[in-house]
There are 2 protein chains.
Amino acid sequence: MPAYTATALAHPNIAFIKYWGNRDDVLRLPQNGSISMNLAGLHTHTRVSFDPGYEVDTFSLNNQAQVGAGLERVSQFLDIVRTMAGKNWRAQVESANNFPTSAGIASSAAAFAALAVAASHAIGLDLTERQLSTLARRGSGSACRSIPSGFVEWLPGDHDSDSYAITLAPPAHWSLVDCIAILKETYKMTGSSEGHRLAGSSPLQQARIASSGARLDRCRQAVLTRDFDALASVVELDSNLMHAVMMTSTPPLFYWEPASIEIMKAVPEWRRSGLPVCYTLDAGPNVHLLCPETSVAEVRSRLEGIHGILQVLTAAAGGGAHITTED
Amino acid sequence: MPAYTATALAHPNIAFIKYWGNRDDVLRLPQNGSISMNLAGLHTHTRVSFDPGYEVDTFSLNNQAQVGAGLERVSQFLDIVRTMAGKNWRAQVESANNFPTSAGIASSAAAFAALAVAASHAIGLDLTERQLSTLARRGSGSACRSIPSGFVEWLPGDHDSDSYAITLAPPAHWSLVDCIAILKETYKMTGSSEGHRLAGSSPLQQARIASSGARLDRCRQAVLTRDFDALASVVELDSNLMHAVMMTSTPPLFYWEPASIEIMKAVPEWRRSGLPVCYTLDAGPNVHLLCPETSVAEVRSRLEGIHGILQVLTAAAGGGAHITTED
């Protein structure tokens, strides 16, 4: 095994207040701040080995060698790490998710958070959490939120160095669970990186951005005070706002499937009937149902009545990205 | 039969550029202009009989006597007509739709257009088309668009007297057909009058309004030049924009059903594959598919593959509201 090796683990995260649209697509500086929760139990595990003798970067995902755009994105990210370290060594990157890729869970956040931690450690950099979050952001914007632990806020910043995420509260702060209804996809989706570039073509994006500060305040306060009702209303509104922008961009992006709509219409009814649960959707058809741990069984049970759900995964608030000692 | 009687017929209309939100809820002055097509074949038929001897207004719809809010709205509308005529006679109003009420087709536009024509004629007023359109608007905003013939634009105006609709082109101008996919409704809908009042609570409404002028120009030009592709893109965008506002108002309004989403995702694919068709949805789950008459059979055939459609109605461009001579 090469000497310059490290392995790291990171969780995906679910955004309560969404990130959609950049002020700078290269630096991935977002147009608005965002708030999320890391998803315990789901993770990406990544080993990076730098070796002065390697001639090229290689990248395998779930034991499949990657070429083309996937490899190129990893290699460009490693270039940033190499520049920071003043080294030009190539690397072998092996990454694996413990959740099915076919589940349609956005994996780039966990992937680049784990890669940032593993690669920087392997090459000998000793980065702070803030520096790791800043670095991870360069690979995938929302990856910066998978670096700190628990409930997290991404401070949008003005420059590369001040756009990073911080912990609002640790995982134990609130026993909230994300019940992820995995849906069958019937149409090919547009990737997030491309989607962010389209955000500005919606006549609604600027209004979404202009009103985001008030939602961030409401959401942060709801998290800090564990106020589920307050969280529910702002989380659903913010999800609807992001999808409103998506579906009014040119070309329009529709991530929802028929079952997504059915769940989105049912959940507020369930809440009105006394069950604490709310929905949010990222750039995909899966519906994330947030609820207190005590309501998970009832939420699962109600989801059984809805056609088109392949499986339901559950995840409590997870920790931050970190080095593992398996190697 | 009383001496002061008249019967009128009016068609519903489908909006290409939507009306959602008022500057004045009482006068129903809209925040933006709109463009629509009257729907031939579908109609409301209304007979109004004023009689100095009647003590109260009565109103029957499809042979069912109406009381409460339905009667009150008709009676308040008749008050406007009575004031214009300087009479205080009460009236008997009998109205019937030739389309099933359960089909969920918004009937208030046709209803108040027919009522405006019949009531004003019965009471002895001789109104111009502009005056009739202005009057119909007081009963239901979009009713002003069912007064003129064919393809119609509602000029939003600043006052009661200059907010009315005009014909852009007669029905024979373009053999466009509206194929209305009638869907099963699983949730109770919020009525349009209440919905208009909620529009301002969406952070997106002002941006929708601010950008509406450009869409009106694109749509008007597409209608006048019979440019289907240009019509398709602006009609779908404008429908998505209205629903974006609806779903981000407080409380949010979701008019879509699972099958609505399925159709909305399929139609642009059909168009890319060469079939000229586009979608638009009013404040309800039904999907209106606009296409040239020559594509109706193919559109119907493709809709057969989609679950959740109860029936498909078709309507070409229809004429304006007018007195009938049946009485």
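Look up a bit, the structure's there.
These remarks concern the structure in this document. Residue numbers restart at each chain and count upward from 1, following the sequence in its written direction. Each chain is given a letter, starting from A, and each ligand a number, starting from 1, according to the order in which they appear as written. A pLDDT threshold of at least 70 governs which residues receive local features in this predicted model, and a stricter bar of 80 or more applies before side-chain atom pairs are shown or counted, although totals over entire chains, interfaces and linings include all residues. For side-chain calculations, the full set of non-hydrogen atoms in the structure is used, while hydrogens and water are omitted.

This next bit is on the packing of aromatic side chains. All names here are of chain B. Centres within 6.5 Å make a pair out of two Phe, Tyr or Trp rings, where for Trp the six-membered ring is used; the pair is then stacked when the planes are under 30 degrees apart, edge-to-face when over 60, and tilted otherwise. In the structure shown here, the tally under the stated rule is 13 aromatic pairs over all chains. The interplanar angle of 40° and the centroid separation of 4.3 Å between the aromatic rings of Tyr4 and Trp89 together place this pair among those described as tilted. Of this pair, Tyr4 sits in strand β1 (residues 4–10) while Trp89 sits in the loop between α1 (69–85) and β9 (90–97), placing them 85 residues apart in sequence. When its relative accessible area of 35% is taken as the criterion, Tyr4 is described as partly exposed. Relative to Trp174, the ring of Phe151 lies with its centre 6.4 Å away and its plane at 35°, an arrangement referred to as tilted. On the criterion of sequence distance, the pair formed by Phe151 in strand β10 (residues 151–155) and Trp174 in the loop between β11 (164–169) and β12 (176–183) is long-range, its members being 23 residues apart. Just as Phe151 is buried, Trp174 falls in that class too. Secondary structure elements are defined from DSSP: runs of H or I of at least 4 residues count as helices, runs of E of at least 2 residues count as strands, and each element is numbered from the N terminus. Exposure classes here rest on a 1.4 Å probe applied to the protein chains alone. A residue is buried below 20% of its type maximum, exposed above 50%, and partly exposed in between.

If you trace the backbone, B:Glu236 turns up in helix α7 (residues 228–247). Ignoring any residue separated from it by four or fewer positions in sequence, one finds B:Glu236 in contact with B:Val267, B:Pro268, B:Arg271, B:Val277, B:Cys278 and B:Tyr279. By the convention used here, residues are in contact when the closest approach between their heavy atoms is within 4.5 Å.

The subject of this paragraph is the relation of the copies chain A and chain B. The least-squares superposition of copies is restricted to C-alpha atoms, and to residues with a pLDDT of at least 70 in both copies. Once chain A has been moved 0.0 Å along the axis and rotated by 180°, it coincides with chain B to within an RMSD of 0.0 Å. Both copies are brought into coincidence by an operation consistent with a two-fold rotation axis. Identified as the residue of chain A closest to the rotation axis by C-alpha distance is A:Pro258, at 1.9 Å. When the interface residues of chain A are mapped onto chain B, 100% of them are again interface residues, pointing to one common binding face.

To describe two helices that pack against each other, one gives the angle between their axes and the distance between the axes. It is at 7 Å that the axes of helix α8 (residues 258–272) of chain A and helix α8 (residues 258–272) of chain B come closest, and there the two elements cross at 145°. In this structure, α8(A) meets α8(B) at a crossing whose hand is right-handed. The residues of α8(B) that touch α8(A), namely those facing A:Pro258, A:Ile261 and A:Glu262, are B:Pro258, B:Ile261 and B:Glu262. Here the contact of α8(A) with α8(B) is built from residues that sort into 4 nonpolar, no polar and 2 charged. Note on geometry: axes are C-alpha line fits, over the in-contact stretch for helices, and angles between N-to-C directions span 0 to 180 degrees. When the near helix sits turned anticlockwise from the far one by under a right angle, the crossing is termed left-handed; a clockwise turn instead gives a right-handed crossing. Residues are sorted three ways: Asp, Glu, Lys and Arg are charged, Ala, Val, Leu, Ile, Met, Phe, Trp, Tyr, Cys and Pro are nonpolar, and all the rest, Gly among them, are polar.

Moving on, we come to the interface of chain A and chain B. The partner chain B presents 25 residues to the 25 residues of chain A that form the contact. Regarding the contact of chain A and chain B, the summed buried area is about 2300 Å², with carbon and sulfur atoms giving 76% of it. The working definition used for a salt bridge is a side-chain nitrogen of Lys or Arg within 4 Å of a carboxyl oxygen of Asp or Glu. Run the count over chain A and chain B and you get 2 salt bridges. Of the charged contacts, one joins B:Lys265 and A:Glu257 as a salt bridge, the two residues approaching to 3.1 Å between their closest N and O atoms. In protein, a polar contact means a hydrogen-donor-capable atom and an acceptor-capable atom, both N or O and within 3.5 Å, with residues adjacent in sequence counting only if both atoms are side-chain atoms; elsewhere, any N or O pair within 3.5 Å suffices. For the pair chain A and chain B, the number of links is 8 residue pairs in polar contact (both at pLDDT 80 or more). Looking at the side of chain A that touches chain B, the elements with two or more residues in it are α5 (205–210), α7 (228–247) and α8 of chain A. When residues of the side of chain A that touches chain B are assigned to their parent elements, the largest contribution, 7 residues, is made by α8(A). Accessible surface is computed with a 1.4 Å probe, and the buried area is the amount of it that two parts give up when combined, taken over both parts together.

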